[in-house]
Amino acid sequence: MDRSRPIGRSQAEEYEPLATSDDAALESSAILRDTDLIPFSWIEYSIFGILGVAMLWAWYALSVPTLSLKPQPQSQSQSQSLTTTNRNMFLAAAPYFSSRFAAAPSIQSTFQSAILTVSTITNLSVLLILSNIQYSASYPFRINLALIISTVVFALLTCSTTLFLGASPSAYFAFLLVMVGLSSWATGLIQNGAFAFAASFGRPEYMQALMAGQGVSGVLPAVAQVTSVLLFPPDKSAAGDAASGGETSAFFYFLAAVVISVVTFVALIPLVRRHNRRVEDKMVQRMAESINSIEEAERAARKVVSLWTLFFKLRWLAVGVAVTFAVTMFFPVFTAKIHSVQEGAGAIFRPAAFIPLGFVFWNLGDLGGRIATAMPFTLKDRPFVLFLCSVARVAFLPLYLLCNIGGRGAVVSSDFFYLFVVQLTFGLTNGWLGSSFMMASGEWVDEGEREATGGFMGLCLVIGLTVGSLLSFTISDI
């Protein structure tokens, strides 16, 4: 995976123009050739992969519809489908929260919107603030702080499934919104910190490891959901057992987030030590400049750059990653409503299992696309072409209309078409494009701008997710 690059070039030669004038006019950038390439390490790659899982586990984990928890009337099922547009553990635990608010209908009908509002506003606000704080930033500290906050938040949520069950709906609602706000704060910290930290190593492979880890955090929950539905069919559970099962499921949902946060915190220690040793080596070289601490050495090597300057340099990559994830956020709405064309043929074809199976196929494609970016073929030197590919993904959305939406019949009566042609391919393009944009960004800026670039691209990604989530409500009644 190592890539050899020319060394010893002058400052004037650090940016290399593209081959043709047409391409230069479209992309008006050039790839930076590194002069100090850090050796690749599979151990570090694996740690970044674990960090990628932790980045999105609380946000993505068990985002598939939790139909196995409790059989629901049609109106509740439709409401629940909206929750999948927000790939968020809080919303994935909607059946459990709904049971906690059963005595307060007004809260029960609005808590999902409240969670979305608090989560989105907090996450974007934190990212905007952090992206503008560059000179004094300690990205490892931001990551560690996020992991600590996540551990505390989900430990409290885990305890809340067994303790203080008699609390009033309004009190629990206030507690929940505080937890959502803190978790979104932690998500902003780790998104900004992890992308910037990975970019600082100057290895595109480490950015790819982060993206692959995120893909894993989508596959495992979906597979677990399908397995649980097949092993414990919902129609064999009594109503009372379903309510109890909701508490049990929520307990393990939140406990999993605690375990992953703690494991990531421990795994990150050697990576941070490696980072500090590298900074110390640079500090030795700069002793003549009276640099006496790691923090001072980091700041001396760091170049403060405005978001507008970064956007000018990376406009096709920045807009492309936002468009990619904005288009992607339509798929949960369709997936939560598409039934098998062989619904009576067996347990796997029933909605309780087939809908999560649709998420499995999409996430497998997404993970495969993220892994595929480690292959030699890449378009990172053609950001405008990558951008055009992200826009072209809109063509996937009409394909969902050919499937069996709501069990009303399919234009293309084939589960193979839905699972392999639509879901798997749509996920594959998301993983490949998303990772390609993130990996390419660090090679189009100066070395001292890489950390800021990682945070900036993370911000663009989240903007795309937010815009896509809001736009997806336009098809919620399909």
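The preceding data block contains the structure.
So, how was this worked out
Residues numbered from 1 in each chain as written. Predicted model: local features only at pLDDT ≥ 70, side-chain atom pairs only at ≥ 80, totals over all residues. Heavy atoms only, no water. Helix = DSSP H or I, 4+ residues; strand = E, 2+ residues; numbered from the N terminus. Buried < 20%, exposed > 50% of the residue type's maximum accessible area, 1.4 Å probe, protein only. Contact = heavy atoms within 4.5 Å. Areas by Shrake-Rupley, 256 points an atom, 1.4 Å probe, with all protein chains shown as cover. Patch = residues over 30% accessible without salt bridge, like charges linked within 9 Å, V, L, I, M, F, W, Y side chains within 5 Å. Salt bridge = Lys/Arg side-chain N within 4 Å of Asp/Glu carboxyl O. Phe/Tyr/Trp six-rings, centres within 6.5 Å; stacked < 30°, edge-to-face > 60°. Lys NZ or Arg CZ within 6 Å of the ring centre and 35° of its normal.

Trainee: How should I be thinking about the overall build of the protein chain in this particular structure?
Mentor: The helix and strand tally for the protein chain stands at 18 helices and two strands. Taken over 478 residues, the protein chain has a buried fraction of 55%. Taking as baseline every contact in the protein chain between residues at least 6 positions apart, the subset at least 24 positions apart corresponds to 84%. Split by element, the accessible area of the protein chain, about 19500 Å² in all, is 67% carbon and sulfur.

Trainee: Help me understand a nonpolar patch on the surface, please; the structure alone is not making it clear to me.
Mentor: Nonpolar side chains collect at one region of the surface, where Ile148, Val152, Leu156, Val262, Phe265, Val266 and Ile269 lie side by side and expose about 550 Å² of accessible area between them. Residue assignment for the nonpolar patch shows that the elements contributing at least two residues are helix 7 (139–160) and helix 10 (239–285). The biggest single contributor to the nonpolar patch is helix 10, with four residues. Position of Ile148 among the secondary structure elements: in helix 7. Taking the relative accessible area as the measure of exposure, Ile148 reaches 44% and is therefore partly exposed.

Trainee: Which parts of the structure should I look at to understand the pattern of salt bridges?
Mentor: When charged atoms on two side chains of opposite charge get close, those side chains can pair. Applying the stated criterion across every chain yields a total of six salt bridges. Here Arg203 makes a salt bridge to Glu205, at a shortest N to O gap of 2.8 Å. Each member of the pair Arg203 and Glu205 is classed as buried. In this structure, Glu443 and Lys380 form a salt bridge, with 2.9 Å as the shortest nitrogen-oxygen distance. Of the two residues, Glu443 is situated in the loop between helix 17 (415–441) and helix 18 (450–472) and Lys380 in the loop between helix 14 (351–372) and helix 15 (383–392); the sequence distance between them amounts to 63 residues. Accessibility expressed as a relative area gives 5% for Glu443, which makes it buried.

Trainee: Looking at this structure, how should I read the packing of aromatic side chains?
Mentor: In this description, an aromatic ring pair is defined by two values, namely the gap between the centres and the angle between the planes. Enumeration according to the criterion identifies 27 aromatic pairs in this entry. Judged by centre distance (5.2 Å) and plane angle (70°), the rings of Trp42 and Tyr45 are edge-to-face. In this pair, Trp42 and Tyr45 both sit in helix 2 (residues 42–60), three residues apart, roughly one turn of the helix. Residue class for Tyr45 comes out buried when judged on its relative accessible area of 16%. A centroid spacing of 4.7 Å and a plane angle of 20° characterise the contact between Phe416 and Phe420, whose relative ring orientation is stacked. With Phe416 and Phe420 both in helix 17 and four residues apart, this pair spans about one turn of that helix. The ring of Tyr172 carries the charged tip of Arg100 above its face, separated from the ring centre by 3.9 Å.

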